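Chain and residue survey
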Amino acid sequence: METIYITTAYRWGWLNNRSYTVYVGPDKEKAIALANAEASDRGGKYGCLVVPWTNNEEGLPVAYYPSAYCEKEPFNNARIHASDSIG
């Protein structure tokens, strides 16, 4: 089965903040190039992750371009999680 690559932009690299899809398709090089361009073009506000999907299963990330915070990978922001949990 064909591998599909999904490129997602995460605001400040936080999984529990705003995010949007940049690319979905079979071209790995295009997915990586668009992730790099999007992270650069957004002035450091968004980190971009590229993940492969094969047979309806997510694979290990193939590329990540960090936000201005220079995170190694996207992560949950504990402060956002805490404020969302207050009820």
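Coordinates for the structure precede this section.
Residues numbered from 1 in each chain as written. Predicted model: local features only at pLDDT ≥ 70, side-chain atom pairs only at ≥ 80, totals over all residues. Heavy atoms only, no water.

Attention now goes to the overall build of the protein. Broken down by element type, the protein carries two helices and five strands. When its helices and strands are written in sequence order, the protein yields β-β-α-β-β-β-α. Its C-alpha atoms put the protein at 45 × 30 × 20 Å along the principal axes. Looking at the 87 residues of the protein, the share that counts as buried comes to 33%. (Helix = DSSP H or I, 4+ residues; strand = E, 2+ residues; numbered from the N terminus. Buried < 20%, exposed > 50% of the residue type's maximum accessible area, 1.4 Å probe, protein only.)

Once that is clear, we can look at the packing of aromatic side chains. For the coordinates displayed, the defined rule picks out three aromatic pairs. Ring centres 6.0 Å apart and planes at 15 degrees place the aromatic pair Trp 14 and Tyr 69 in the stacked group. Highlighted residues: Trp 14 in the loop between β1 (4–11) and β2 (19–25) and Tyr 69 in the loop between β5 (63–65) and α2 (78–85), separated in sequence by 55 residues. Given the relative accessible area of 14%, Trp 14 is considered buried. Aromatic pair Tyr 20 and Tyr 46: ring centres 5.1 Å apart, planes at 65 degrees, arrangement edge-to-face. (Phe/Tyr/Trp six-rings, centres within 6.5 Å; stacked < 30°, edge-to-face > 60°.)

Take the nonpolar core next. Residues Tyr 5, Ala 9, Tyr 23, Ala 31, Ala 35, Ala 39, Tyr 46, Cys 48, Val 50 and Ala 63 constitute the largest nonpolar core, which totals ten residues. Not counting residues up to four positions away in its chain, the partners in contact with Ala 63 are Ile 32, Cys 48, Leu 49 and Val 50. (Core = buried A, V, L, I, M, F, W, Y, C linked by side-chain atoms within 4.5 Å. Contact = heavy atoms within 4.5 Å.)

Time to look at unusual backbone geometry. Glycine aside, negative phi is the norm for most residues, and most peptide bonds take the trans geometry. The backbone of Asn 55 sits at a positive phi, close to 50 degrees, despite the residue not being glycine. Note that Asn 55 resides in the loop between β3 (46–54) and β4 (57–58).

When the terminal C-alpha atoms of helix α1 (residues 28–41) are compared, their 20 Å separation across 14 residues agrees well with the 20 Å that a helix rising 1.5 Å per residue should span. Three or more residues of α1 are buried, namely Ala 31, Ala 35, Glu 38 and Ala 39. Angular distribution of buried residues about the axis of α1 spans 95 degrees; they occupy a single face of the element. Across α1 from its buried face, at more than 90 degrees, point the exposed residues Glu 29, Ser 40 and Asp 41. (Expected span 1.5 Å × (residues − 1). Arc of directions from axis to C-beta.)

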